[in-house]
Amino acid sequence: MPPVVTPLYAAALTALFITLSLRVILLRRSGRVSLGDAGNPALLVRIRAQGNCAEYAPLGIVLLLLAELAGAAPALLHLSGLVLLAGRISHAWALSGLGRLGARTIGMLMTFAALALSAALALPWSAIF
């Protein structure tokens, strides 16, 4: 049976990544910056928000898919996917200037929790014990 839970979170995380990418592109265009951040702190923050999403979201999606393929319970898959998505949104929100930096820490903790949960769900426990 093909995965049905993972694509939901993959699509949502992709929408977040595209949004973060467009924010970088718009600021690059307005500042006429082709590469790098040209010393613009606001651009640097947007680049890092996008980069951080690009670093963590793919791993989260892969682990969620492995957990789903391993037969993890749908409720646990949704829990992990929702925590991952909320963590990535919280982190990006904090770096957008709208949220407080505490949201960045919470976002990373949520991301790590989702990664750990998906990794644990993906393990072939019957082969280990």
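Note that the structure is predicted; figures quoted are calculated from it, not measured.

**Q** Is there a simple way to explain the overall build of the protein in this structure?
**A** Within the protein, the regular secondary structure consists of 5 helices and 0 strands. Along the chain direction, N to C, the helices and strands of the protein fall in the order α-α-α-α-α. Principal-axis analysis of the C-alpha atoms places the extent of the protein at approximately 55 × 30 × 20 Å. Sequence separation of at least 24 residues holds for 64% of the intrachain contacts in the protein that already meet a minimum separation of 6. Carbon together with sulfur atoms contributes 72% to the accessible area of the protein, which is approximately 7400 Å² in total.

**Q** Looking at this structure, I do not really get the pattern of salt bridges. What am I missing?
**A** In the structure shown here, the tally under the stated rule is 1 salt bridge. Residue Arg48 is joined to Glu55 by a salt bridge in which the shortest nitrogen-to-oxygen separation is 3.2 Å. Judged by its relative accessible area of 36%, Arg48 is partly exposed. A relative accessible area of 47% places Glu55 in the partly exposed class.

**Q** I keep staring at the side chain of Asn52 and nothing clicks. Help me out?
**A** One can find Asn52 in helix H2 (residues 41-69). Sequence-distant contacts of Asn52, defined by excluding residues within four places in its chain, comprise Arg88, His91 and Met108.

**Q** I would appreciate a short explanation of the confidence of the model for the protein in the present structure.
**A** Fine structural detail should not be taken from predicted coordinates in areas where pLDDT scores are low. Here the protein shows a mean pLDDT of 91. Residues at 70 or above account for 94%. Mean pLDDT values for the elements of the protein range from 64 in helix H5 (residues 125-128) up to 96 in helix H3 (residues 74-95).

**Q** Could you clarify how one ought to interpret H2 in this entry?
**A** Turn by turn, an α-helix covers 3.6 residues, leaving residues three or four places apart pointing in a common direction. The terminal C-alpha atoms of H2, which comprises 29 residues, lie 42 Å apart, in line with the 42 Å expected from a rise of 1.5 Å per residue. Two or three places before Ala42, at the opening of H2, Asn40 has a side-chain oxygen 2.9 Å from that residue's backbone nitrogen.

**Q** For this particular structure, what's the right way to read the nonpolar core?
**A** One broad rule of soluble globular proteins: the nonpolar side chains tend to lie buried together. Leu13, Leu16, Leu20, Ala49, Cys53, Ala57, Leu84, Leu85, Ala92, Leu95 and Ala114 together form the largest nonpolar core, which totals 11 residues. Of all the elements in the fold, those that place two or more residues in this core are helix H1 (6-31), H2 and H3. The leading source of residues in this core is H3, at 4 residues. Once residues lying within four places of it in the same chain are set aside, the contact partners of Leu13 are Ala57, Ile61, Leu84, Leu85 and Arg88. Counting 8 residues, the second-largest nonpolar core is a separate cluster that includes Tyr9, Leu64, Ala67 and Ala122.

**Q** How should H1 be read in this particular structure?
**A** The end-to-end C-alpha separation of H1 is 37 Å, in line with the 38 Å expected for 26 residues at 1.5 Å each. Turning to H1, its buried residues number three or more, namely Thr6, Tyr9, Ala10, Leu13, Leu16, Leu20, Ser21, Val24, Leu27 and Arg28. On its buried face, H1 sits against H2 and H3. Backbone geometry just downstream of H1 places Arg32 in the positive-phi region, at approximately 55°.

**Q** Mind showing me how you'd approach the packing of aromatic side chains here?
**A** When we look at a pair of aromatic rings, we describe it by the centre distance and by the angle of the planes. All told, the structure shown has 1 aromatic pair when counted by the stated rule. Ring centres 5.9 Å apart and planes at 65° place the aromatic pair Tyr56 and Phe112 in the edge-to-face group. Residue Tyr56 is found in helix H2, and its partner Phe112 is found in helix H4 (residues 101-122); the two are separated by 56 residues along the sequence.

Rules and cut-offs
- Residues numbered from 1 in each chain as written.
- Predicted model: local features only at pLDDT ≥ 70, side-chain atom pairs only at ≥ 80, totals over all residues.
- Heavy atoms only, no water.
- Helix = DSSP H or I, 4+ residues; strand = E, 2+ residues; numbered from the N terminus.
- Contact = heavy atoms within 4.5 Å.
- Areas by Shrake-Rupley, 256 points an atom, 1.4 Å probe, with all protein chains shown as cover.
- Salt bridge = Lys/Arg side-chain N within 4 Å of Asp/Glu carboxyl O.
- Buried < 20%, exposed > 50% of the residue type's maximum accessible area, 1.4 Å probe, protein only.
- pLDDT = per-residue confidence, 0-100.
- Expected span 1.5 Å × (residues − 1).
- Polar contact = N/O pair within 3.5 Å; in protein donor to acceptor, adjacent residues only side chain to side chain.
- Core = buried A, V, L, I, M, F, W, Y, C linked by side-chain atoms within 4.5 Å.
- Phe/Tyr/Trp six-rings, centres within 6.5 Å; stacked < 30°, edge-to-face > 60°.

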